[in-house]
Amino acid sequence: MIAIFLGPPGSGKGTQAAMLAERYDLLHFDMGRVLREEIASGSELGIEIRKFTDTGALVPISIIRVIVEKTLRSQENNQVVLDGFPRSDEQADLLDDVLRETNKKLDGAFYFNLDDSVIIERLVNRRFCPVCKTVYNLVTAPPKFEGICDKEGAVLATRPDDNASVIMKRLSVYRMETEPILTRYRSADLLSEIDASLDIQVIKTHLESLLRLK
Ligand code: AMP
């Protein structure tokens, strides 16, 4: 099963992908996280990547190709949720190539639809654990003790790109570059729409039935 989770930043696609991956032993391929790990490694590539992630722009396709070659293409797991990839028409072409060359097929694309006002509210309240990467929301999914990860006891952090001006840029990049690829998957009859404003557990159950996970 290969599924794409598509949607604006803050629409909860990463949270759902992480929950399903843990429950059903799927691979959660989170492109944003892979890029952040490359930055954290201090590599030349990471230094280059950071110039784009800091401003909310898409990392160029030449770099995305390198990342896909290093990670996704060699993936043995046949149960994959793609989160944050593809994000443009040329990335969707790249995915098509990788799937064809590895004899895999796309089972579905899931579009997490959410209003901009809710997105902004969610992103400014988002925190994460720097150790285990669990994501919290100060309003909708707060940790048990303020500012502390439930699992690791570590002090929670804010992503550098979760600030108002970068959020606006990420949203406009999403509308310009990513939203148009919905048409591609809709025309191929592969697109399902998810109301991302619903409760986390309701969305999870809906996805489980759409993905026929048991
Ligand atoms: P995310 O964690 O999905 O919110 O992504 C954080 C940032 O990583 C984005 O604002 C982009 O700068 C970069 N990024 C993530 N996924 C991609 C992608 N598929 N193509 C290009 N840039 C990406």
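Along each chain, the written sequence defines residue order, and numbers are assigned to residues from 1. Two thresholds apply to this predicted model, a pLDDT of at least 70 for residue-level local features and 80 or more for giving and counting side-chain atom pairs, whereas whole-chain, interface and lining totals are computed over all residues. Excluding hydrogens and water, the side-chain values take into account all heavy atoms of the structure.

## Observations concerning the environment of K214
Think of it this way: any DSSP run of H or I at least four residues long counts as a helix, any run of E at least two long counts as a strand, and we number them from the N terminus. Along the chain, K214 turns up in the segment after α9 (200-210). Taking C-alpha positions, K214 is 8.1 Å from Y24, a pair spaced 190 residues apart along the chain.

## Focus: empty space enclosed by the protein
For each structure, a 1 Å grid was placed over the protein atoms alone; sets of points admitting a 1.4 Å probe that cannot get out are labelled cavities, open sets with protein on both sides within 12 Å along at least five of seven lines are labelled pockets, and lining residues have an atom within 4 Å of a point. Grid points are joined across faces, edges and corners, and a volume is the space filled by probe spheres set on the points. Tallying each qualifying case throughout the model produces two cavities of 30 Å³ or more. When its volume is computed, the largest cavity comes out at roughly 100 Å³. Forming the walls of the largest cavity are I2, L72, R73, Q75, V80, L82, L95, V98, L99, T102 and K104. When contributions to the lining of the largest cavity are tallied by element, the ones reaching two or more residues are β3 (80-83) and α5 (89-101). With three residues, the top contributor of residues to the lining of the largest cavity is α5. Throughout, the ten residues Ala, Val, Leu, Ile, Met, Phe, Trp, Tyr, Cys and Pro are labelled nonpolar, Asp, Glu, Lys and Arg are labelled charged, and all others, Gly among them, are labelled polar. The class makeup of the residues in the lining of the largest cavity is seven nonpolar, two polar and two charged. Surrounding the second largest cavity, F5, L6, G7, K13, G84, P86, R87, Y174 and T178 form its lining. At the level of secondary structure, the elements contributing two or more residues to the lining of the second largest cavity comprise β1 (2-6) and α7 (164-178). Residues of the lining of the second largest cavity, tallied by class, amount to four nonpolar, three polar and two charged.

## Focus: the pattern of salt bridges
Criterion for a salt bridge: a side-chain nitrogen of Lys or Arg within 4 Å of a carboxyl oxygen of Asp or Glu. Per the counting criterion, the structure on display carries 18 salt bridges. The partner of E69 in a salt bridge is R73, with the nearest N and O atoms 2.9 Å apart. Buried residues are those whose accessible area, probed at 1.4 Å on protein chains only, stays under 20% of the maximum for their type, while exposed residues exceed 50% and partly exposed ones sit between those limits. Given the relative accessible area of 24%, R73 is considered partly exposed. Salt bridges linked by common partners bring R126, R159, D161, D162 and R170 together as one network.

## A closer look at the side chain of K204
By secondary structure assignment, the location of K204 is in helix α9. Once residues lying within four places of it in the same chain are set aside, the contact partners of K204 are Q16, M19 and L20. Should any heavy atoms of two residues lie within 4.5 Å, those residues are counted as being in contact.

## Notes on the packing of aromatic side chains
Note on aromatic contacts: the rings of Phe and Tyr and the six-membered ring of Trp form a pair at centre separations within 6.5 Å, being stacked when their planes are under 30 degrees apart, edge-to-face when over 60 apart, and tilted otherwise. What the rule picks out here adds up to three aromatic pairs. Their ring planes at 75° and their centres at 5.9 Å tell us that F5 and F110 sit as a pair that is edge-to-face. Separated by 105 residues along the polypeptide, F5 in strand β1 and F110 in strand β4 (residues 108-113) bring together distant segments of the chain. Exposure remark for F5: the relative accessible area of 1% places this residue in the buried category.

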